[in-house]
Amino acid sequence: MIEHICKKCILPHGFLGVSLGSEGLCEFCTDPDHKNVNWSRTAIDQERRNQALTDWKLVVEKMQIEHEKCSYDCILGYSGGKDSTALLDYLVNDLGLTPLAVTTDTGFMTEIAKDNMKDTLAQINVDHVLIEDCISTFTKLYKWHFFNHNSKETFLARGICDYCSDLIHSIVVKEAIKQEIPYVLFGYSPAQIFRYFYEMPQEEVIEAWKPELIFDELIFDESDHKWYLNDGEINSGILPRVLLPYHVIPYREQDIIKLVESKNYIKKGHADPLLTNCNVVHAATFYDFNRYGGILYAYQYAELVRQNPESRKKWLRTLKMSAPLILENNFKRKEVNLFFSQIGVTQEEMQEHIQEQLEQDPNKKRILNIIAMFQKKRKTRQVAVLTQ
Ligand SMILES: [Zn+2]
């Protein structure tokens, strides 16, 4: 079965957006510039990096000059994760600024994230706005995607992440317009450059964030539309700039963890991204593997292998070990089932829906082949564990 996996990376034949050529290589390994909707390697050249860093320094200077004149220098999109926590510390303690911390509750914020916020805000004296009225809109958005995603190109996890973050960003930007705050900052790490590098361009803020599906009157109404930018806000002339400082200022994951733990913002071990990772993504990963025979994470693993061929064995093993767990909902099972109950379905109903879609998929055979390949591995592995 191994011949169905790209010889250079770890992407299987028949994965959404991947087919192996005669050499046994996937499109990404054959052509270094290849990209598709699930994955593209974004290379940022040094000149663009330097420009962005110069811009950031100017923005900081401006905020510091205007500091006395306004109540808040900027808004920070604050999730309670390690990155936005460290950025909050940097703005307040290193730059002497007064940000307004704004948290958008999607309804799926983890207890750990909430704990982190409580611990941090007890020590950093900033105003904090928690927006919770939007939960029902997020819930409808997730439900829409889980029942209407049917694609030949993209994984559900890709789409749902984009639509969800667009809504989060939009809610935070609305708060900035309301309070006339000129900058909105998010703590995205340097690795998170799939869509944006350093700045979310204003034309995207205006045009791309409000999706067509929100006009589906059977599901969405005015109470949902209000979380997206309206014409009045767009034409107000006070749209904030939306910036991602960690794309240009020094960032090392281990330093960030050390900082948030040593200052007791986040309890030891709670800075692990897997713990603060959202349940929606875990549920979408379960859906994707059963529906398409693939997961978005594999694209990321494959890229790491291309950058460091020696790590192929490790990532292939990771994929093979996690695959059967994900397929049978034994990875983050509690979280996934909690998510399903919040959008009003059971795991069985979701599985039935997946089967119905799969039946009609022209790629059904290829998909079932991949699933069988990963299920088979598990059995040999279990035997191996038992005989140890
Ligand atoms: Zn490959």
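A. Geometry of the overall build of the protein. Summing up its helical and strand segments, the protein has 17 helices and 6 strands in all. In summary, the protein has a C-alpha radius of gyration of 22 Å against a globular reference of 21 Å for 388 residues, a match within 12%. Projected onto its principal axes, the C-alpha coordinates of the protein cover approximately 65 × 50 × 40 Å. Classification of the 388 residues of the protein by burial places 36% in the buried group. A fraction of 77% describes how many contacts in the protein between residues 6 or more apart in sequence connect residues 24 or more apart.

B. Local environment of the pairing of strand β4 (residues 183–186). Residue alternation in β4 divides its side chains into two sets, Tyr-183 and Leu-185 and Val-184 and Phe-186, and both sets are buried. Alignment of strand β1 (residues 74–77) against β4, held across 3 bridges, turns out to be parallel. Its bridge partner being in β4, Gly-77 is matched across the sheet by Phe-186.

C. A look at the domain arrangement of the protein. Domain annotation for the protein reports domain 1 (46–273) and domain 2 (281–387). In this structure, domain 1 and domain 2 have C-alpha centres spaced 29 Å apart. The interface of domain 1 with domain 2 comprises 14 residues on the first partner and 13 residues on the second. Of all elements in the fold, only α5 (135–148) and α6 (156–178) reach the threshold of two or more residues within the side of domain 1 that touches domain 2. Residue composition of the side of domain 1 that touches domain 2, grouped by class: 9 nonpolar, 3 polar and 2 charged.

D. Local environment of the packing of helix α12 (residues 279–292) against helix α15 (residues 333–342). Close contact between α12 and α15 brings their axes to 8 Å; oriented N to C, the two are set at 95°. The angle between α12 and α15 places the two elements in the roughly perpendicular class. Contacts between α12 and α15 involve Asn-279, Val-280, His-282, Ala-283 and Phe-286 from the former and Glu-335, Val-336, Leu-338, Phe-339 and Phe-340 from the latter. Split into classes, the residues belonging to the contact of α12 with α15 amount to 7 nonpolar, 2 polar and 1 charged.

E. Seen up close, the pairing of strand β2 (residues 99–104). Burial analysis of β2 places 6 of its 6 residues in the buried class, which makes it a mostly covered element. Burial along β2 is two-sided: the face carrying Pro-99, Ala-101 and Thr-103 and the face carrying Leu-100, Val-102 and Thr-104 are both buried. Alignment of β1 against β2, held across 4 bridges, turns out to be parallel. Residue pairing for β2: Leu-76 is matched across the bridge by Ala-101. Handedness of the β1-helix α3 (residues 82–94)-β2 crossover: right-handed.

F. Structural context of α5. In this model, α5 (14 residues) spans 20 Å end to end at C-alpha, consistent with the 20 Å of a helix rising 1.5 Å per residue. Among the residues of α5, those classed as buried are Thr-137, Phe-138, Leu-141, Tyr-142, Trp-144, His-145 and Phe-146. In the core, the buried residues of α5 are packed alongside α6, α8 (222–225) and α12.

G. Highlighting unusual backbone geometry. Backbone geometry places Asn-329, a non-glycine residue, at a positive phi of 55°. Summarising the element assignment, Asn-329 is placed in the loop between α14 (312–327) and α15. Located in the positive-phi region is Lys-332, a residue other than glycine, with phi close to 55°. Structurally, Lys-332 is set in the loop between α14 and α15.

H. Spotlight on the confidence of the model for the protein. Model confidence for the protein is summarised by a mean pLDDT of 91, while 95% of its residues fall at 70 or above. The low-confidence segment residues 383–388 (pLDDT under 50) makes 0 contacts with residues lying over four places distant or belonging to another chain.

I. Looking closely at the sheet that holds β1. The strand order across the open sheet built from 6 strands is β3-β2-β1-β4-β6-β5, with neighbouring strands paired in mixed fashion. Of all the strands in the sheet, just β3 (128–131) and β5 (199–200) have a single pairing partner and so form its edges. This element, α6, spans β1, β2, β3, β4, β5 and β6 (241–243) of the sheet and lies at about 140° to β2.

J. Structural view of the packing of α5 against α6. Orientation of α5 relative to α6, taken along the N-to-C sense of each, is 160°, at an axis distance of 10 Å. The orientation of α5 relative to α6 falls into the category roughly antiparallel. Seen along the crossing, α5 lies across α6 with a hand that is right-handed. Between α5 and α6, the residues in contact are Phe-138, Leu-141, Tyr-142 and His-145 and Leu-156, Gly-159, Ile-160, Tyr-163, Cys-164 and Leu-167, respectively. Partitioned by chemical class, the residues of the contact of α5 with α6 number 8 nonpolar, 2 polar and no charged.

K. Quick peek at the environment of Ile-249. Position of Ile-249 among the secondary structure elements: in the loop between β6 and α10 (253–262). Residue classification places Ile-249 among the partly exposed residues on the basis of 15 C-beta atoms within 10 Å. Along the primary structure Ile-249 and Pro-190 are separated by 59 residues, whereas in three dimensions their C-alpha atoms are 9.2 Å apart.

L. Highlighting the nonpolar core. By size, the foremost hydrophobic cluster in this structure holds 98 residues, and its most contacted members are Ile-10, Cys-74, Ile-75 and Val-280. At 10 residues, the largest contribution of residues to this core is made by α6. Summarising the domain contributions, this core has at least three residues from each of domain 1 (46–273) and domain 2 (281–387). For Ile-75, the residues in contact, after removing those within four places along its chain, are Pro-99, Leu-100, Val-102, Val-172, Glu-175, Ala-176, Ile-181 and Val-184.

About the thresholds
Residues numbered from 1 in each chain as written. Predicted model: local features only at pLDDT ≥ 70, side-chain atom pairs only at ≥ 80, totals over all residues. Helix = DSSP H or I, 4+ residues; strand = E, 2+ residues; numbered from the N terminus. Rg over C-alpha atoms; globule rule 2.2 N^0.38 Å. Buried ≥ 20, exposed ≤ 12 C-beta atoms within 10 Å, placed from the backbone. Contact = placed C-beta atoms within 7 Å. Pairing = 2+ DSSP bridges. Domains from an automatic or database assignment. Nonpolar A, V, L, I, M, F, W, Y, C, P; charged D, E, K, R; others polar. Axes fitted to C-alpha atoms, helices over the stretch in contact; angles between N-to-C directions. Parallel < 35°, antiparallel > 145°, perpendicular 65-115°, else oblique. Right-handed = clockwise from strand over helix to strand, strands pointing away. Expected span 1.5 Å × (residues − 1). pLDDT = per-residue confidence, 0-100. Left-handed = near helix turned anticlockwise from the far one by under 90°. Core = buried A, V, L, I, M, F, W, Y, C linked by C-beta atoms within 7 Å.

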